[in-house]
Amino acid sequence: MRFFAAAEEAVGSSELTVDATTLAALTARLRGDHPALAEILPRCSVLVDGARVDESWPLTADAVVDVLPPFAGG
């Protein structure tokens, strides 16, 4: 997993390795492990291998998940 901007600050790292079978299971675990992230996660874009997918999306061992909070400016 890769975290950017406020998500990185909330987790305290730019990258983590987390085992989960679906995107829903992954985000549930993140909410439990990182309460500060739980507050901003609903506003974030979560991409799996560069694409927006449904929460039921199955995750493979080599999937790259990006958590991107809203950005302003340009």
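Up top is the structure these notes are about.
What you are looking at is a predicted structure, and each value in this text was computed from that prediction instead of being measured.

Visitor: Go over the side chain of aspartate 66, please, and point to the residues and values.
Guide: Mapped onto the elements, aspartate 66 comes out in strand β4 (residues 65–68). You can call aspartate 66 buried: its relative accessible area is 8%. Among the polar contacts listed, one links the side chain of aspartate 66 to the side chain of arginine 2, at a separation of 2.6 Å. Excluding its chain neighbours within four sequence positions, the residues that come into contact with aspartate 66 are Arg2, Phe4, Ser45, Val46 and Leu47.

Visitor: Residues and numbers for the nonpolar core, please.
Guide: Here is a general trend for soluble globular proteins: nonpolar side chains tend to be buried in one another's company. Core analysis: the biggest nonpolar cluster contains 17 residues, and Met1, Phe3, Leu26, Leu37, Val65 and Val67 have the highest contact counts within it. Those elements that provide at least two residues to this core are α1 (5–11), α2 (23–33), α3 (35–40), β2 (45–48) and β4. Broken down by element, this core gets its largest block of residues, three residues, from α2. Leave out the neighbours within four places in its chain, and methionine 1 touches Ser14, Glu15, Leu16, Val18, Leu26, Leu30, Val65 and Val67.

Parameters at a glance
Residues numbered from 1 in each chain as written. Predicted model: local features only at pLDDT ≥ 70, side-chain atom pairs only at ≥ 80, totals over all residues. Heavy atoms only, no water. Helix = DSSP H or I, 4+ residues; strand = E, 2+ residues; numbered from the N terminus. Buried < 20%, exposed > 50% of the residue type's maximum accessible area, 1.4 Å probe, protein only. Polar contact = N/O pair within 3.5 Å; in protein donor to acceptor, adjacent residues only side chain to side chain. Contact = heavy atoms within 4.5 Å. Core = buried A, V, L, I, M, F, W, Y, C linked by side-chain atoms within 4.5 Å.

From the geometry alone we can't say anything about function, so treat these as descriptive.
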